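In case you want the letters, here they are:
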Amino acid sequence: MAQFLFLYAFASLIFWNADIVISADVNYQFNIINGNVAPDGFTRNAILVNNQFPGTLIQANKDDTLHINVSVQLDNPNMRRSTSIHWHGLFQHRTASEDGPAMVNQCPIAPGHSYTYDIPLNGQSGTFWYHSHLSTQYVDGLRGPLVIYDNNDPNIGLYDVDDATTVITLADWYHGFAPALQANYFSPDNGGGQEPVPDSGVINGLGRFNGGPTNVPRAVVNVIPGQRYRLRVINISGFAQFRFSIEGHSMTIIEADGIPHEPLTVDSFNIYVAQRYSVVITANQPVANYWIRAPMTVSGASDNPNLDPEDIFAVLHYAGAPNGDPTTEANVSPDGVLLSENNLHAIGLPVPGGSGPADRTIDLDFTKSTDGNGAWTINGIQYLPPDLPTLLNIIANNFTFESNFTTPEHTFVLNRNNVIDVTIHGSLNGITHPFHLHGHAFHVIQSSDGGDENFVNPPVRDVIGVGSGGVKIRFETDNPGPWFLHCHIDWHLEAGLAVVFAEAPQDQRSGPDAEIIKNTWLDLCPIYNALPPDQQ
């Protein structure tokens, strides 16, 4: 508490200034409530944004400022009652306080309270999403899409339609509550073994499970013959990866994780948790209905009899075709070209430092604990969150050096304007691990898909699937802030598969890139810390 009291005496904090708003203010109201939903025909109570799953679509333009008021009205004791929300993929320059990870960038918002996230987009555009970043809470439903448009998109001449109707979310769905599933996962009776397996997969919030009702409608994407459509495909799962394809249609990838890429035509692609792809399709086939296919890959799929990992479909509906499912067989293993990540090439983003050596190389070797407690470690350390947010300790308590942080916080302090290489590899335990870096998009120097190191024109993204052989990524420390790097399988993050990069701590406190800190952000911790455990 003494540390927190010191915060209020810290005189040089920089507070929110409306003068930084360059373009339109885009306002959203998020009422976070408990409500009953049945995406796959099974009714359960969930955590919803504005009483819907997936949550409200956020749309803005690249120079806008988002103002998202989050009102927490959760009352179901079977799920977490507080929350914090991460706006996945947004760089948050000078607004690390708005990034969302609980106890890295903020204290959670308490039930009965609200907080407004103020996020200047600073010219950033692309396909993003949002989700709770408190424990495994987003598994219970708090997740949704976020799209930022750019009228000068380098690939804009390739498509005619790009709107709310062309956003496609892929999600795993659980019938049980996340805290109970999590408790079972970490139970000695589970032997630190199998992650909770979802009950179904859903596309735009609709799916089916074994033994459930067969009249749950499929999601429908409507097209007009001759038009070209930009489909923004987002994996908003907690665990599952998907292989996405559309019957009878090739797809031209033009974006990965918010970054424009040179057009690349494929017939299918794997999409790991938290990844996003924009693909262009042309409605040039005979007027009919066609299967949109997204079979799921998930470890232990056979352990949950409810799950049919192949029964994950939507419908591409041509204007003039009858309403209903396609009449063709739903083939989940189409022929043709499967995306290899190393064939993606970002547009206009040279590799920091070129082919020269990095200023710092960080080797991260992850593994699963063998002692039966379900822990995951990186370089032998299981990440555990601190009592006060990392950002708060940097701003208010002058944390500057790695020695200021406890060992379980596993925090690397990075110098300003350095080129950083990160090698990620480890014991996979039968899973491709999607690692996400907050605050940056990184160059994929070497992908798990194979190939030589690429220092000329590699893909650039913010989530990388780490498979056998590992990966090598590179970024430049040009965005001061405390930034999480973690496996985006939510069960693994909760199990400790994470580190924090504290980037340029001194520059977070003062200077032209200092963090913008609001009084309402300062209020979050004392309110949250005063809560009884059942409301946290």
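Preceding this paragraph is the structure being described.
In this report, the structure presented in the accompanying data block is examined. (Residues numbered from 1 in each chain as written. Predicted model: local features only at pLDDT ≥ 70, side-chain atom pairs only at ≥ 80, totals over all residues. Heavy atoms only, no water.)

**Section: the overall build of the protein chain**
- A tally of regular secondary structure across the protein chain gives 6 helices and 32 strands.
- Seen through its principal axes, the protein chain has C-alpha atoms that stretch 70 × 50 × 50 Å.
- Burial analysis of the protein chain (536 residues in total) assigns 61% to the buried set.
- As displayed, the protein chain offers around 18,700 Å² of accessible surface, 49% of which is attributable to carbon and sulfur atoms.
- Between the centroid of the 22 positive side chains of the protein chain and the centroid of its 54 negative side chains there is a distance of 2 Å. (Helix = DSSP H or I, 4+ residues; strand = E, 2+ residues; numbered from the N terminus. Buried < 20%, exposed > 50% of the residue type's maximum accessible area, 1.4 Å probe, protein only. Areas by Shrake-Rupley, 256 points an atom, 1.4 Å probe, with all protein chains shown as cover. Lys, Arg positive; Asp, Glu negative; His and termini not counted. Charge placed at Lys NZ, Arg CZ, Asp CG, Glu CD.)

**Section: the pattern of salt bridges**
- Taken as a whole, this structure holds 21 salt bridges when the rule is applied.
- In this structure, Arg360 engages Glu402 in a salt bridge whose closest nitrogen and oxygen atoms are separated by 3.2 Å. With Arg360 in strand S22 (residues 360–368) and Glu402 in the loop between helix H3 (390–396) and strand S24 (411–414), the pair connects residues that are 42 residues apart, well separated along the chain.
- The partly exposed category is assigned to Glu402, whose relative accessible area is 35%.
- Through salt bridges that share partners, Asp153, Asp162, Arg230, Arg232 and Glu255 make up one connected network. (Salt bridge = Lys/Arg side-chain N within 4 Å of Asp/Glu carboxyl O.)

**Thoughts on the environment of Tyr318**
- Within the element layout of this structure, Tyr318 appears in strand S21 (residues 313–318).
- Taking the C-alpha atoms as reference, Tyr318 lies 17 Å from Asp163; in sequence the two are 155 residues apart.
- Discounting residues that sit within four places of it in the chain, Tyr318 has contacts with Val223, Pro225, His249, Thr282, Ala283, Asn284, Gln285, Pro286, Val287, Ala288, Asn289 and Tyr290.
- Within the structure, Tyr318 has its side chain in polar contact with the backbone nitrogen of Asn284 (distance 3.2 Å). (Contact = heavy atoms within 4.5 Å. Polar contact = N/O pair within 3.5 Å; in protein donor to acceptor, adjacent residues only side chain to side chain.)

**Description of the state of the cysteines**
- The final tally for this structure, using the stated rule, is 1 disulfide.
- Disulfide pairing places Cys107 opposite Cys525 at an S-S distance of 2.1 Å. The S-S bond linking Cys107 to Cys525 shows a torsion near 90°; that makes this disulfide right-handed. One end of the pair, Cys107, is in the loop between strand S5 (85–88) and strand S6 (114–120); the other, Cys525, is in helix H6 (residues 519–529), with 418 residues separating them in the sequence.
- Taking relative accessible area as the criterion, Cys525 reaches 4% and is therefore assigned buried. (Disulfide = S-S within 2.5 Å.)

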